[in-house]
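One letter stands for each residue in the lines below.
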Amino acid sequence: MDAAHLVARHGGALDRRRLHELGATDHDLRRALRAGSLNRPRRGWYSSWGERDPRFRAMRVGGRLTGISAIAALGCWVLGRRPLHVAVPVNAARLRSQWRRDIRRADTHDDGAVVHWVALAHDRGSTTGIVDLPEAVELVCRTETAEQAIAVLDWVRRTGQLDRIELAALRERLGPLRWLVDASVDNCDSLPESFARTRLRAAGVQVSTQVGFTDGLEHIDLVLEGAVAVEVDGDEHHRERFEVDRARDLAITRVGLHAVRPSARQVFTRWPAVQAALVRALRERGILVDLHNSGVAQVGRPATRRESAPPGLQPGTTPELWRRARRGAPGIPPGGPC
């Protein structure tokens, strides 16, 4: 029997007892281990994942992927490298290092794993190595930056991973953080687009998403104050899109908007420069706003359309550090929103 195929067909990891029930013998398991088609993350468990796979490393610790690690493993938009977040049973014992199962976690100084003691019981028989999606998303909302949490919710809604009932239940469980769900949208196409929208709305700028136009324009990523169109380029290496993007810029101009096209890398690492360009573009259209890291001050016409920042957003010292505003959180001045 092909034990590796059997394991892969049942989610990626099975224990020896379940494998025997499905017809695999110890000889089949030893042969698969020698061939490298199966690995052992923990004693008595066999997995078809490679040893570098985050699901395998979470099992080696003693649990399953959760939070931002689970979201990333499912293909969600995540920026940068993150610690491995692992959900383990509340009574878990003999946890191991994510890198070596012969080293106890208690004996490691810091192996880069974050353990959450939240699971009710150990997995029995089989496991996918990832907690249920609503559980992972809820942990993201409670532990990650606001802009990353909103981006995850954007992805969940865009891909239909959670239905309306599941989103409503998640919103209720979040309590004071339910505004994160309200700040997400179901028509966002990328991580940089999500970050740009969240930052601009936090600054008080009116932002419309995926605006439809005629004249050959199916939609525009973001429209600021009804006057400036922002198209965020997802991958700067896709040069075959050059002509298509230039044609879109011409079409945006034809419908009377000012076109600005920052790259994803510029949104992630050079946001102050992007923001300054957008402020100038708005001013050239007679919409006078002054955006700073410390907030938004309207210096021009009172008729300028503005939105209040979503409750709970507080600008940090860098664009990547938008934090959930909770009393006593690092970087939140006393008296800030809660």
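What counts as what
- Residues numbered from 1 in each chain as written.
- Predicted model: local features only at pLDDT ≥ 70, side-chain atom pairs only at ≥ 80, totals over all residues.
- Heavy atoms only, no water.
- Helix = DSSP H or I, 4+ residues; strand = E, 2+ residues; numbered from the N terminus.
- Buried < 20%, exposed > 50% of the residue type's maximum accessible area, 1.4 Å probe, protein only.
- Areas by Shrake-Rupley, 256 points an atom, 1.4 Å probe, with all protein chains shown as cover.
- Salt bridge = Lys/Arg side-chain N within 4 Å of Asp/Glu carboxyl O.
- Polar contact = N/O pair within 3.5 Å; in protein donor to acceptor, adjacent residues only side chain to side chain.
- Pairing = 2+ DSSP bridges.
- Core = buried A, V, L, I, M, F, W, Y, C linked by side-chain atoms within 4.5 Å.
- Contact = heavy atoms within 4.5 Å.
- Axes fitted to C-alpha atoms, helices over the stretch in contact; angles between N-to-C directions.
- Parallel < 35°, antiparallel > 145°, perpendicular 65-115°, else oblique.
- Left-handed = near helix turned anticlockwise from the far one by under 90°.
- Phe/Tyr/Trp six-rings, centres within 6.5 Å; stacked < 30°, edge-to-face > 60°.
- Lys NZ or Arg CZ within 6 Å of the ring centre and 35° of its normal.

Visitor: What's the story with the overall build of the chain in this structure? I'm lost.
Guide: Across its full length, the chain holds 13 helices and 14 strands. Burial statistics for the chain: of 338 residues in total, 48% are counted as buried. Carbon and sulfur atoms make up 49% of the accessible area of the chain, which totals about 17300 Å².

Visitor: Just checking my understanding: could you explain the pattern of salt bridges for this structure?
Guide: Opposite charge on two side chains permits them to pair, given that their charged atoms come into close proximity. Under the definition given, this model contains 17 salt bridges. The partner of Arg142 in a salt bridge is Glu138, and the shortest N-O contact between them spans 3.2 Å. Placement of both Arg142 and Glu138 in helix α6 (residues 133-143) is noted, with a separation of four residues, approximately one turn of the helix. Accessibility expressed as a relative area gives 33% for Arg142, which makes it partly exposed. Under the relative-accessibility criterion, Glu138 is labelled buried at 18%. Here Arg197 ties to Asp154 by a salt bridge, and the two come within 2.8 Å at their closest N and O atoms. Taken together, the residues Arg197 in helix α10 (residues 191-202) and Asp154 in helix α7 (residues 146-159) connect sequence positions 43 residues apart. Since its relative accessible area comes to 1%, Arg197 is described here as buried. A single network of salt bridges, built from pairs that share partners, joins Arg17, Arg18 and Glu21.

Visitor: Explain helix α4 (residues 54-61) here, please?
Guide: Owing to its 3.6 residues per turn, the α-helix brings residues three or four apart onto one side. Among the eight residues that make up α4, six are buried, leaving the element largely enclosed by the rest of the structure. Buried residues of α4: Phe56, Arg57, Ala58, Met59, Arg60 and Val61, and no others. Sitting at the head of α4, Asp53 places a side-chain oxygen 2.8 Å from the backbone nitrogen of Arg55.

Visitor: Just to check I follow, could you spell out the pairing of strand β8 (residues 220-224) for this structure?
Guide: Each regular strand shows side chains that alternate between the opposite faces of the sheet. A large share of β8 lies buried, amounting to five of its five residues. As defined by bridge partners, β8 adjoins strand β9 (residues 228-230) across three bridges and the pair is classed as antiparallel. Bridged to Leu222 within β9 is Val230. Here β8 folds back onto β9 in antiparallel fashion, the turn holding three residues, of which Glu225 has a positive phi close to 55°.

Visitor: Can you walk me through the sheet that holds strand β2 (residues 45-47) in this structure?
Guide: The pairing of strands in a sheet happens through backbone hydrogen bonds and is either parallel or antiparallel. The strand order across the open sheet built from three strands is β2-β1-β6, with neighbouring strands paired in antiparallel fashion. The sheet is open, and its two edges are formed by β2 and β6 (126-127), each paired on a single side. The pairing of strand β1 (residues 13-15) with β2 spans three bridges and is classified as antiparallel. Across the sheet, Leu14 pairs through a bridge with Tyr46, a residue of β2.

Visitor: Would you take a moment to explain the nonpolar core for this structure?
Guide: Soluble globular proteins tend to pack their nonpolar side chains together in the buried interior. Ranked by internal contacts, the top residues of the largest apolar core, which has 64 residues, are Ile71, Val137, Val152, Leu180, Leu224, Val228 and Leu278. When residues in this core are grouped by element, the largest group, eight residues, is from α7. Among all residues touching Val228, those that are not within four sequence positions of it are Leu222, Val223, His258, Val260, Leu278, Ala281 and Leu282.

Visitor: Is there a simple way to think about unusual backbone geometry in this case?
Guide: Glycine aside, negative phi is the norm for most residues, and most peptide bonds take the trans geometry. Look at Glu225: it is not a glycine, yet its phi comes out positive at around 55°. Summarising the element assignment, Glu225 is placed in the loop between β8 and β9.

Visitor: I tried to follow the packing of α6 against helix α8 (residues 164-174) on my own but got confused; where do I start?
Guide: The angle between the axes and the distance between the axes are what describe a pair of packed helices. One can describe the packing of α6 onto α8 by two numbers: an axis separation of 11 Å at closest approach and a directional angle of 40°. Judged by the angle between their axes, α6 and α8 are oblique. Note that α6 runs across α8; the crossing there is right-handed. Residues Pro134, Val137, Glu138, Cys141 and Arg142 of α6 touch α8, and the partners they reach there are Leu170, Arg173 and Leu174.

Visitor: In this structure, what is going on with the sheet that holds strand β4 (residues 84-89)? I would like to understand it.
Guide: Ordered in space as β3-β4-β5, the three strands form an open sheet in which the pairing is mixed. Here the strands that pair on one side only, and so sit at the sheet edges, are β3 (64-65) and β5 (113-119). Across six bridges, the pairing between β4 and β5 is parallel. Among the inter-strand pairings, His85 is bridged to a residue of β5, identified as Val114.

Visitor: Mind showing me how you'd approach the packing of aromatic side chains here?
Guide: How two aromatic rings sit relative to each other is set out by the distance from centre to centre and by the angle between their planes. Under the counting rule described, the total for this entry stands at one aromatic pair. When the ring of Phe195 is compared with that of Phe268, the centres are 5.8 Å apart and the planes differ by 80°; the resulting orientation is edge-to-face. Note that Phe195 is positioned in helix α10 and Phe268 in helix α12 (residues 264-269), a separation of 73 residues in sequence. Above the ring of Trp271, the side-chain terminus of Arg199 is found at 5.3 Å from the ring centroid.

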